[in-house]
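Structural features, examined
Take a look at the letters that make up each chain.
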Amino acid sequence: TSHKGFIAAEAASPVLVDAFMAFKRGWDEFRPTDELRLQDLQIAYIYANPNALGSKDNLDFAQGPEFYHQAHKQFHPTYRAILYERN
């Protein structure tokens, strides 16, 4: 299947809509400004990620009470698996 087929399949998936809405809510609630959100999420998912460079995607979620981490925990494994399947 071509990349266009993948895109069409994902765009039609209600899971993608749920993921988008959850990450949007998580982003909006995470910090008061985009700059702080970006900074703190990069710290949580890149710099504080215990996985080696090249394996950062193995982190399903960062620790913390914020909704963003819950969304990441729920959806990241699904989309990581799709990424690996489609290489």
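One can find the structure itself at the top, above this paragraph.
A brief look at the structure comes next.

Parameters at a glance
- Numbers given for residues are sequential positions, taken from 1 along each chain in its written order.
- Reporting of local features is limited, given that this is a predicted model, to residues whose pLDDT is at least 70; pairs of side-chain atoms are given and counted only at 80 or more, and all residues count toward the totals for whole chains, interfaces and linings.
- Heavy atoms from the whole structure form the basis of all side-chain values; hydrogens and water molecules are not counted.
- Only Phe, Tyr and Trp rings are paired, with Trp represented by its six-membered ring, and only when their centres lie within 6.5 Å; those with planes under 30 degrees apart are stacked, over 60 edge-to-face, the remainder tilted.
- The helix and strand labels rest on DSSP assignments: H or I over at least four residues marks a helix, E over at least two residues marks a strand, and numbering proceeds from the N terminus.
- Exposure categories follow from relative accessible area, calculated using a 1.4 Å probe and restricted to protein chains: below 20% of the type maximum is buried, above 50% is exposed, and the middle band is partly exposed.
- Just to be clear on terms, a salt bridge is a Lys or Arg side-chain nitrogen sitting within 4 Å of an Asp or Glu carboxyl oxygen.

1. Examining the packing of aromatic side chains
Applying the stated criterion across every chain, the model contains four aromatic pairs. Each ring, one from phenylalanine 23 and one from phenylalanine 75, has its centre 6.4 Å from the other, and the planes form 50°; the classification is tilted. Within this pair, whereas phenylalanine 23 is found in helix H2 (residues 14-30), its partner phenylalanine 75 is found in helix H4 (residues 67-86), the two being separated by 52 residues in sequence. Relative accessible area serves as the criterion here: at 23%, phenylalanine 23 is assigned to the partly exposed category. Residue classification places phenylalanine 75 among the buried residues on the basis of a relative accessible area of 6%.

2. Side note on the pattern of salt bridges
What the rule picks out here adds up to seven salt bridges. The shortest N-O distance in the salt bridge between glutamate 66 and arginine 31 comes to 3.5 Å. Taken together, the residues span a long stretch of sequence, with glutamate 66 in the loop between helix H3 (34-47) and H4 and arginine 31 in the loop between H2 and H3 at a distance of 35 residues. Residue arginine 31 is classed as partly exposed on the basis of its relative accessible area, which comes to 25%. The partner of arginine 80 in a salt bridge is aspartate 60, with the nearest N and O atoms 2.7 Å apart. Taken together, the residues arginine 80 in helix H4 and aspartate 60 in the loop between H3 and H4 connect sequence positions 20 residues apart. Owing to a relative accessible area of 15%, arginine 80 belongs among the buried residues under this scheme. Accessibility expressed as a relative area gives 27% for aspartate 60, which makes it partly exposed. Linked by salt bridges that have partners in common, Arg31, Asp40 and Glu66 make up one network.

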